[in-house]
Amino acid sequence: MTFLHFEEIYNHPIAIKSAIGDVISLNVVRLDKVHQIVSGNKWFKLKYYLEEALQNKYSTIATWGGAYSNHIVATAYAAKELNLESIGIIRGEQPQFPSHTLQQAKEAGMQLHFVSRTDFNNKSFIQQKYPAENCLWIDEGGYGTLGAKGAATIAEFIPSNTTHIICAVGTGTMMAGLIQSAQPNQQVIGVSVLKNNLSIENEIKALLPTKDLQKKFLVLHDYHFGGYAKHPPALIDFMNELYHRYQLPTDIVYTSKMMYGLLDLIRKDHFPPDAVITAIHSGGLQGNGSLSQGILSF
Ligand SMILES: *Cc1c(COP(=O)(O)O)cnc(C)c1O
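Here the structure is a predicted model, which means the values were calculated and not measured.

Asker: Before we move on, could you go through the pairing of strand β9 (residues 217-220) and cite the residues and values that matter?
Answerer: Of the strand pairs in this sheet, strand β8 (residues 187-192) and β9 are connected by four bridges, and their pairing is parallel. Bridge assignment links Val188 to a residue of β9, and that residue is Phe217. This β-α-β element, β8 to helix α8 (residues 200-205) to β9, shows right-handed connectivity.

Asker: Could you give an account of the packing of aromatic side chains, with specific residues and numbers?
Answerer: In this description, an aromatic ring pair is defined by two values, namely the gap between the centres and the angle between the planes. Applying the stated rule across the entire model yields ten aromatic pairs. Aromatic pair Phe6 and Phe44: ring centres 6.3 Å apart, planes at 75°, arrangement edge-to-face. Here Phe6 is found in the segment before β1 (11-17), whereas its partner Phe44 is found in helix α1 (residues 40-55), with 38 residues between them in sequence. By relative accessible area, which is 2% here, Phe44 ends up buried. Taking the ring centre of Tyr48 as reference, the NZ or CZ of Lys149 above it sits at 4.3 Å.

Asker: Which residues make up the side chain of Thr255, and what are the values?
Answerer: Following the sequence through the fold, Thr255 ends up in helix α10 (residues 255-267). The residues touching Thr255, leaving out its near neighbours within four places in the chain, are Thr250, His281, Ser282 and Gly283.

Asker: Let's hear about the pattern of salt bridges: which residues, and what values?
Answerer: By the definition in use, this model includes eight salt bridges. Across the pair Glu140 and Arg91 runs a salt bridge, and its minimum N-O distance is 2.5 Å. Taken together, the positions of Glu140 in the loop between β6 (135-138) and α6 (145-152) and Arg91 in strand β4 (residues 85-91) put the pair 49 residues apart, joining distant regions of the chain. Using a relative accessible area of 31% as the deciding quantity, one classes Glu140 as partly exposed. Put simply, Asp139 and Lys123 hold a salt bridge, and the shortest N to O gap is 2.9 Å.

Asker: So what's going on with the pairing of β1? Which residues, and what values?
Answerer: Burial along β1 is one-sided: His12, Ile14 and Ile16 are buried, while Asn11, Pro13, Ala15 and Lys17, pointing the other way, are not. For β1 and strand β2 (residues 23-30), the ladder comprises seven bridges, and the chain directions are antiparallel. Across the sheet, Pro13 pairs through a bridge with Asn27, a residue of β2. The hairpin turn running from β1 into β2, its antiparallel successor, is five residues long, and Gly21 in that turn takes a positive phi close to 90°.

Asker: So what about the layout of surface pockets? Which residues, and what values?
Answerer: If a probe the size of a water molecule is rolled over the atoms, the empty space left behind becomes visible. Each pocket or cavity is described by its volume, and for the largest pocket that value is around 920 Å³. Lining of the largest pocket is provided by 43 residues; of these, Gly66, Arg91, Glu140, Tyr228 and Tyr254 occupy positions nearest its centre. Among the residues making up the lining of the largest pocket, the classes are represented as 17 nonpolar, 18 polar and eight charged.

Asker: Account for the sheet that holds β2, naming residues and giving values.
Answerer: Strand order in the open sheet formed by six strands is β1-β2-β10-β7-β8-β9, and the pairing between neighbours is mixed. This sheet does not close on itself; its edge strands, each paired only once, are β1 and β9. The mean angle between the axes of side-by-side strands here comes to 25°, regardless of whether they run parallel or antiparallel. In terms of strand pairing, strand β7 (residues 164-169) meets strand β10 (residues 276-281) through three bridges, oriented parallel. Paired with Ile165 across the two strands is Thr278, which belongs to β10.

Asker: Requested: an account of the site of the ligand, with residues and values cited.
Answerer: Around the ligand, 15 residues are found, and the nearest of them are Lys42, Lys45, Gly170, Thr171 and Ser282. In this structure, an oxygen atom belonging to the ligand sits 2.8 Å away from a main-chain N or O atom of Met174. If the ligand stood free it would expose 380 Å²; the protein chains cover 98% of that surface. Given that more than half its atoms are within 2 Å of the pocket grid, the ligand belongs to the largest pocket. Of all the secondary-structure elements, those providing two or more residues to the shell around the ligand are α1, β7 and α7 (173-181).

Conventions we followed
Residues numbered from 1 in each chain as written. Predicted model: local features only at pLDDT ≥ 70, side-chain atom pairs only at ≥ 80, totals over all residues. Heavy atoms only, no water. Pairing = 2+ DSSP bridges. Helix = DSSP H or I, 4+ residues; strand = E, 2+ residues; numbered from the N terminus. Right-handed = clockwise from strand over helix to strand, strands pointing away. Phe/Tyr/Trp six-rings, centres within 6.5 Å; stacked < 30°, edge-to-face > 60°. Buried < 20%, exposed > 50% of the residue type's maximum accessible area, 1.4 Å probe, protein only. Lys NZ or Arg CZ within 6 Å of the ring centre and 35° of its normal. Contact = heavy atoms within 4.5 Å. Salt bridge = Lys/Arg side-chain N within 4 Å of Asp/Glu carboxyl O. 1 Å grid on protein atoms, 1.4 Å probe; cavity = no way out; pocket = protein on both sides within 12 Å on 5 of 7 lines; lining within 4 Å. Points joined across faces, edges and corners; volume = space filled by probe spheres on them. Nonpolar A, V, L, I, M, F, W, Y, C, P; charged D, E, K, R; others polar. Axes fitted to C-alpha atoms, helices over the stretch in contact; angles between N-to-C directions. Near = heavy atom within 4 Å. Polar contact = N/O pair within 3.5 Å; in protein donor to acceptor, adjacent residues only side chain to side chain. Areas by Shrake-Rupley, 256 points an atom, 1.4 Å probe, with all protein chains shown as cover. Sits in = over half its atoms within 2 Å of the grid points.

Here you go:
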């Protein structure tokens, strides 16, 4: 896909000391570099859905999401690039001031329908209410086995000597893909950005083929900073520090919380000294546009 920049994905090395002074080797895979809006993991999760739409000559893709969904805006933009129509079913009432994300989706030509929370969860009702001919419906956040299959191809950018892979977890689709493609000596760790999303482990397992079900993975539930899209001053300070120290920009919803969790684990000596950690920068930087100017130093 010509509008994406795979040659710009690179590893951003960072050396961090653990509590006992070991220098831990950490690479950040900068998927955010693929595209400003079709941010990192969203492209990987969408790719097989888009391929299916093109191959089967669908004219429209439709999907679901909240007002701050990177998946919504990525779908809108990718559809536009591929000359497909797009429809976004948005959870909740139409806001008086649409989020930055929704504005961008609209500008990319996505038709937005605001539906109540109850209706949002009733898929067949919504598909009848907003009928679209020749339309491929994609689940919220790209959740599904095709999404995970696409995310599994992120492995191509992970250095082969990696022992631990860490990523942010929303629907868990990206993590399911990373578990599928992980080598036997690699452990996948996910930082859940939703509060008390304790069903996530099972939702991840539901996307794994039988042969991968015995693979061990770890989801951390202590780094959500109050819940999805919550970004208290402590998180903002951390993001500014991360940028100042390592020139690493992160987003307020996902990657900042992942990095916070990771650095906390390193500080607590969770990793052996010979660990080679690869963190997935899954993008999402467009979402920072919802903050007032000047709050972030990047
Ligand atoms: C959507 C998103 C995630 C979470 O991906 P899931 O597959 O839903 O778990 C992580 N990081 C960023 C930047 C995202 O936009």
